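These are the residues of each chain, in order.
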Amino acid sequence: MSFERTQEKLKILADAAKYDVSCSSSGSKRNNKNKGLGDATGMGICHSYTEDGRCVSLLKILLTNYCIFDCAYCVTRKSNDIKRAAFQVQEVVDLTINFYRRNYIEGLFLSSGIFKSADYTMERLVSVAKKLRLEENFNGYIHLKSIPGASDELMKEAGLYADRLSVNIEIPTKEGLALLAPEKKREDFIKPMVKVKNEIIQYKSEKNIIKSTPKFAPAGQSTQMIIGASGESDQQIMWTSNYFYKKFNLKRVYYSGYIPISYDTRLPQIGTDVPMLRENRLYQTDWLMRFYGFDVEEILNNENQNLDLDVDPKLGWALRNLDQFPVNVNNADKRMLARVPGLGMKSVYKIIEARRFRKLNWEHIQRLGVALNRAKYFLECGTREFERRDLTAIQLKSLILQNSNSKYRTALGPQLNLFG
Amino acid sequence: MIIREETTLIYDGTFDGFLTCVFEVFNLKLPQVKIIRKSRFQESLFSSNLEITSDSQKADRVWTALQKKLSEKGKSRLYYAFLGENPQIENHLLEYIQYAFKSKSPIDCDFTNKNVLKVSQIAKSVGREKHRMEAFVRFRLSKDQLYFATIEPDFNVLPLITKHFESRYADQKWIIYDLSRNYGIFYNLETVDTITFDFPSDFDPIKTTEAFFSSEEIEFQTLWQDYFNSTNIPSRKNLELHVQHVPKRYWKYLSEKQPKL
């Protein structure tokens, strides 16, 4: 391959792909085969981090940034005046293999602008993955984008070579989509998702009978939503997310704070801040749903349509449900311990293990490395020492905020002063 | 023979050597004991010293006996903590092992016990360093088609990362060399062996020069640096987070952090 041309294309097509936030490289079960290259069995590895603090795990590029669509929120939209480029299939294969051999990456994340038609584009993506697997005996991680509207046959073939497939629904509400991407229909996003879901179910049942059934997208499916581009509420975002988790067995939903890239009047203007704090709160809620046993309705409902920005969603929930506290460290069940603000699942595990040996007091808990600055108001050890006393939710909140140092303090300035 | 005063056991620094010491503590019924590796030993007036020779049979007996007393996780924590090279670690590990043998039920999750906690904390930092090395090793293709990486990890993690790299890079020859401990691991397409070598005096481990590395290597490093810069989103800049994930002491050998070639 010609070095200068590849260099130019890489700059353009990496830059265009960076708004896709998924970087996961875990959850696959692909062993090294016949002493080939690569292994995707373990947990994912972040090989580096960009200066914005996001992990670099996969070579994340577009096959091309030519696109027939004109979605307002997208940097590669047809009407945008930018440099365009397209990789050849072999170029992507060579870059992937050579980056992988140097331990730069876990594998490839390949997306694309839509040129000619959905199927034509999807076919190209599949051929990269196929070449990597069959010709290069590559067993690293491959994440392919499902192109909205791609045919079932192509989606089936994609799943045979890729570890993960994803299609971004981008805009959380139907109305928002109609406004910002009038050429796209929700059904087009859903169609490949349904196909992949059904194939995964079928693979699992066939696998039980015939062990050698070829793998199908072993790391599952994911999707992404843009936050703050179409005026949606946190409730709309998380209920949509919950729907997709349940209905399509998604592994992950990603939330991407909208980065202003256009003077289009339908969108936040260039210069507007990226809603990073909001994005963070949404991820926290996502975690509460997936790992902490919360129902989305407990956190976001018609009374609370948006998350608090000044406190995390678990603390927000606890302050609205003070009657469920304090929780006793020595006999509360796992579910309830997981609901204590400030306790992560690792602390919950350590408490449960340690209390089998002796009754725990405050000193023990501290020695375990459990962070108590928030948790102490919601826990008791069976002694008379209990921090909350008879404080109200508002007093408690202000006490906690006074004694905590949020990394978002500057962003929160005015709100904090209310309680400070 | 029963020795009443404090005895210092001196060993060669290997894990087998350490386990041999543990064997002798039980075998000789030593009540007051300190275990120290030879490289750290300083003569003291007030204790008697005993030099222990590594004995793989004795070491195996201790390790097998521990099987019954510890979970897999507990055993691997023990080994990880040993590789942390903390100056006091042998004594924490000894007390940990004594506690395990004395107790009827497994103790490896008794985190309120000071030795169990200490061992699990050190094991955790070693595990973190292992994971970092799996991430931060950067191979460079040498003139003789060998993928070569240099590292200076905080702990002695080469024994822990061997398997990871062996199963991943099964079709290329590679070397990962620990410059601070002056030894490396070499995969020759069949097995992984431990090696040490003297670098030529004009070899600078940080620089990728054409004298030692293939011309293709320089091109791919450039492409990687370009990729690294293109994938950054300036409007989300967060250097604090960046440095938290990639602490500066690791930058030395990261290709993406090198000046443009």
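The written sequence of each chain sets the order in which its residues are numbered from 1. For naming, the first written chain is A and the first written ligand is 1, with later ones following in the order written. Predicted model: local features are reported for residues with pLDDT of at least 70 only, side-chain atom pairs are reported and counted for 80 or more only, and whole-chain, interface and lining totals are derived from all residues.

> Explain the overall build of chain B here, please?
Counting its secondary structure elements, chain B contains 8 helices and 8 strands. C-alpha extents for chain B along the principal axes are approximately 70 × 45 × 40 Å. Counting other C-beta atoms within 10 Å of each residue's C-beta, where C-beta atoms are placed from the backbone, gives the exposure class: buried for 20 or more, exposed for 12 or fewer, partly exposed between. Evaluated residue by residue, chain B yields a buried proportion of 32% over its 261 residues. By definition, residue pairs are in contact when their C-beta atoms, positioned from the backbone, come within 7 Å. Considering only contacts in chain B between residues 6 or more positions apart, those separated by 24 or more positions represent 71%. Elements are defined by DSSP. Helices are runs of H or I of four residues or more, strands are runs of E of two residues or more, and each kind is numbered from the N terminus.

> Before we go on, may I ask you to explain the environment of Pro275(A) in this structure?
Residues and elements named next belong to chain A. For Pro275, the position within the fold is in the loop between β8 (252–257) and α8 (276–291). On the neighbour-count criterion, Pro275 (21 C-beta atoms within 10 Å) is buried. Separated by 48 residues in the primary sequence, Pro275 and Ile227 have C-alpha atoms spaced 7.7 Å apart. If we skip the residues at most four places from it in the chain, Pro275 touches Ile227, Gly228 and Gly257.

> Mind showing me how you'd approach the domain arrangement of chain A here?
Note: interface size is frequently given as the accessible area lost on complex formation between the parts. Residues and elements named next belong to chain A. Split by domain assignment, chain A resolves into domain 1 (3–299) and domain 2 (313–419). For domain 1 and domain 2, the distance between their C-alpha centroids amounts to 37 Å. Taken together, the contact pairs 10 residues of domain 1 with 9 residues of domain 2. Secondary structure elements with two or more residues in the side of domain 1 that touches domain 2: α8 and α9 (296–299). When residues in the side of domain 1 that touches domain 2 are grouped by element, the largest group, 6 residues, is from α8. Note: domain ranges come from an automatic or database domain assignment.

> What should I look at first to understand the sheet that holds strand β1 (residues 7–11) of chain B in this one?
Adjacent strands of a sheet pair through backbone hydrogen bonds, lying either parallel or antiparallel. Residue and element names in this part refer to chain B. Ordered by their spatial adjacency, 3 strands build an open sheet running β2-β1-β3, and the pairing between neighbours is parallel. Strands at the two margins of the open sheet, each flanked by one partner only, are β2 (33–37) and β3 (48–51). Neighbouring strand axes in the sheet, compared pairwise and without regard to direction, differ in orientation by 25 degrees on average. Lines fitted to C-alpha atoms define the axes here, with helix axes fitted over just the stretch in contact, and angles between the N-to-C directions of these axes take values from 0 to 180 degrees. On the sheet, helix α1 (residues 15–27) packs against β1 and β2 and is oriented at approximately 150 degrees with respect to β1. Two strands pair if DSSP finds at least two bridges between them.

> Help me understand the interface of chain B and chain A in this model?
Contacts between the two partners involve 38 residues from chain B and, on the opposite side, 42 residues from chain A. If you list the elements that add at least two residues to the side of chain B that touches chain A, you get α5 (114–136), α6 (158–168), α7 (215–230) and α8 (239–245) of chain B. When residues of the side of chain B that touches chain A are assigned to their parent elements, the largest contribution, 8 residues, is made by α7(B). Residues are grouped as follows: nonpolar covers Ala, Val, Leu, Ile, Met, Phe, Trp, Tyr, Cys and Pro; charged covers Asp, Glu, Lys and Arg; every other residue, Gly included, is treated as polar. Across the side of chain B that touches chain A, the residue classes break down as 18 nonpolar, 10 polar and 10 charged.

> Could you clarify how one ought to interpret the sheet that holds strand β7 (residues 183–187) of chain B in this entry?
Residue and element names in this part refer to chain B. Reading across from one edge, β4-β5-β6-β7-β8 is the order of the 5 strands in this open sheet, with mixed pairing throughout. The open sheet is flanked by β4 (140–141) and β8 (192–195), the only strands paired with a single partner. Note that strand β5 (residues 147–151) and strand β6 (residues 174–178) share 5 bridges and pair parallel. Bridge pairing links Ala149 to Ile176 in β6. In the packing of α6 onto the sheet, contacts are made with β6, β7 and β8, and the angle to β6 comes to roughly 165 degrees.

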